[in-house]
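Structural overview for review
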Amino acid sequence: MKTLACKDTGSQCDWVGRAETEQDLLKQATQHVKQVHKMDMTPEMEQKARKVIRDE
Ligand SMILES: [Zn+2]
């Protein structure tokens, strides 16, 4: 299981995404930033997110 914590990308947010694959996790993160942060996931943000993904 892979997890991604929004706060690890430098944002003041408690959201944590969990998924089996990095691709699914990034999909969740894309929806999260859109809904909660009102932003579109840019390639730069995606790269940042990939770096803070953890394996559990
Ligand atoms: Zn967030």
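Everything in this summary refers to the structure shown in the same document. Not measured: the values here are computed from a predicted model.

Next up on the list: helix α1 (residues 22-35). In this model α1 runs 20 Å from its N-terminal to its C-terminal C-alpha over 14 residues, within 8% of the 20 Å that 1.5 Å per residue would give. Every buried residue of α1 is accounted for by Leu-25, Leu-26, Ala-29, His-32 and Val-33. All buried residues of α1 lie within an arc of 115 degrees about the axis, which places them on one face of the element. Residues of α1 that are exposed and angled more than 90 degrees away from the buried face: Gln-23, Lys-27, Gln-31, Lys-34 and Gln-35. Summarising the contacts, the buried residues of α1 are in contact with β1 (2-5), β2 (16-19) and α2 (43-51).

This paragraph deals with unusual backbone geometry. Across residues other than glycine, the phi torsion is negative in most instances, and most of the peptide bonds are trans. Here the phi dihedral of Lys-38 falls at roughly 55 degrees; this positive angle occurs in a residue that is not glycine. Tracing the sequence through the fold places Lys-38 in the loop between α1 and α2.

What follows deals with the side chain of His-32. Tracing the backbone through its elements, the reader meets His-32 in helix α1. According to the relative accessible area criterion, His-32 is buried, its value standing at 6%. The contact partners of His-32, leaving out residues within four places of it in the chain, are Cys-6, Cys-13, Trp-15 and His-37.

This paragraph deals with the nonpolar core. With ten residues, the main nonpolar core is built from Leu-4, Ala-19, Leu-25, Leu-26, Ala-29, Val-33, Met-41, Ala-49, Val-52 and Ile-53. Examining the composition of this core, we find that four residues originate from one element, α1, more than from any other. Filtering out sequence-adjacent residues up to four positions away, Val-52 remains in contact with Thr-3, Leu-4, Asp-8 and Thr-9.

Inspection of the secondary structure puts Thr-3 in strand β1. Take Thr-3: its relative accessible area is 5%, and that puts it in the buried class. Those residues in contact with Thr-3 that lie beyond four places of it in its chain are Val-16, Gly-17, Arg-18, Leu-25, Val-52, Ile-53, Arg-54 and Glu-56.

Cut-offs used in this document
- Residues numbered from 1 in each chain as written.
- Predicted model: local features only at pLDDT ≥ 70, side-chain atom pairs only at ≥ 80, totals over all residues.
- Heavy atoms only, no water.
- Helix = DSSP H or I, 4+ residues; strand = E, 2+ residues; numbered from the N terminus.
- Expected span 1.5 Å × (residues − 1).
- Buried < 20%, exposed > 50% of the residue type's maximum accessible area, 1.4 Å probe, protein only.
- Arc of directions from axis to C-beta.
- Contact = heavy atoms within 4.5 Å.
- Core = buried A, V, L, I, M, F, W, Y, C linked by side-chain atoms within 4.5 Å.

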